[in-house]
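The chain contents come next:
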Amino acid sequence: QVHLVESGGGLVQAGGSLRLSCAASGRTFSTDAMGWYRQAPGKEREFVAGINYTGTSTYYADSVKGRFSISKDNAANTGYLQMNSLKPEDTAVYYCATHHDMLVVVAHMNNIDSWGQGTQVTVSS
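Within any chain, residue numbers begin from 1 and follow the written order of that chain's sequence. Selection of residues for local features in this predicted model requires a pLDDT of at least 70, selection of side-chain atom pairs for listing and counting requires 80 or more, and totals for whole chains, interfaces and linings are taken over all residues. With hydrogens and water excluded, all non-hydrogen atoms of the structure serve as input to the side-chain values.

Right, let's talk about the packing of aromatic side chains for a bit. Aromatic ring pairs are defined here through the distance separating the ring centres and the angle between the ring planes. Whether two aromatic rings pair depends on their centres lying within 6.5 Å, for rings of Phe, Tyr and Trp, where Trp uses its six-membered ring; planes under 30 degrees apart make the pair stacked, over 60 edge-to-face, and the rest tilted. Counted by the stated rule, this structure contains 3 aromatic pairs. On the numbers, 5.0 Å between centres and 75° between planes, the contact of Tyr-37 with Trp-115 is edge-to-face. Note that Tyr-37 is positioned in strand S4 (residues 33-39) and Trp-115 in the loop between helix H1 (102-107) and strand S10 (119-124), a separation of 78 residues in sequence. When its relative accessible area of 27% is taken as the criterion, Trp-115 is described as partly exposed. A network of ring pairs unites the aromatic residues Tyr-37, Phe-47, Tyr-95 and Trp-115 as a single cluster. Between Arg-45 and the ring centre of Tyr-95, over which it is positioned, the NZ or CZ distance is 3.8 Å. Between Lys-72 and the ring centre of Phe-29, over which it is positioned, the NZ or CZ distance is 4.4 Å. Helix and strand labels come from DSSP, where a helix needs a run of H or I of at least four residues and a strand needs a run of E of at least two; each type is numbered from the N terminus. The rule is simple: take the accessible area with a 1.4 Å probe, protein chains only, and divide by the maximum for that residue type; under 20% is buried, over 50% is exposed, in between is partly exposed. When the NZ atom of lysine or the CZ atom of arginine is within 6 Å of a ring's centre and also within 35 degrees of its normal, the charge is said to sit over that ring.

This next bit is on the sheet that holds S10. For two strands to be treated as a pair, DSSP must find at least two bridges joining them. The sheet built from 6 strands is open, its strands ordered S2-S10-S9-S4-S5-S6 with mixed pairing. The two strands at the open ends of the sheet, each matched to only one other strand, are strand S2 (10-13) and strand S6 (58-60). Pairs of neighbouring strands in the sheet enclose a mean axial angle of 25°, with direction left out of account. Where strand S5 (residues 46-51) and S6 come together, 3 bridges link them in antiparallel fashion. Bridge assignment links Ile-51 to a residue of S6, and that residue is Thr-58. Every axis corresponds to a line fitted to the C-alpha atoms, with the helix fit spanning only the stretch in contact, and the corresponding angles, defined between N-to-C directions, vary from 0 to 180 degrees.

Here we take up the nonpolar core. Nonpolar cores are built from buried Ala, Val, Leu, Ile, Met, Phe, Trp, Tyr and Cys residues. Side-chain atoms within 4.5 Å join them into one set. Core analysis: the largest hydrophobic core is formed by 34 residues, its most contacted members being Trp-36, Val-48, Phe-68, Leu-81, Met-83 and Tyr-94. For this core, the elements supplying multiple residues, two or more each, are strand S3 (18-25), S4, S5, strand S7 (68-73), strand S8 (78-83), strand S9 (92-99), H1 and S10.

This next bit is on the sheet that holds strand S1 (residues 3-7). Each strand in a sheet pairs with its neighbour through backbone hydrogen bonds, running either in the same direction (parallel) or in the opposite one (antiparallel). Pairing is antiparallel across the open sheet formed by 4 strands, whose spatial order is S1-S3-S8-S7. Either end of the sheet is taken by a strand with one partner, and the two such strands are S1 and S7. Taken over all neighbouring pairs, the strand axes of this sheet differ in orientation by 15° on average, direction set aside. With 6 bridges connecting them, S3 and S8 associate as antiparallel partners. Its bridge partner lying in S8, Cys-22 is registered against Gly-79.

From the geometry alone we can't say anything about function, so treat these as descriptive.
This is the structure in structure tokens:
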């Protein structure tokens, strides 16, 4: 099982950028797909971006497409989410997760049983 620790969140003005990191421990990171998710106060957790285990295929929620970029460094056991042109509606706790099945990462996050503690992203207007 993989242990995940998110970092890089903070307070930023609208239009600004942040880069989130997801540090993984465990031997399966290089063979797992990875996803980023977020949960705003009073809302359900939602999918943000996903990447396959080799890093060659990516998927994005429509709300972040063109602004966010997901990447994965298997040698460093670390995943990233580059967030540009941030908007106040991007404010949420951001989580990363991994799974051997890309479909689960993109469309069935309820089947993921291991989550990090999350990192808070706050975008001021």
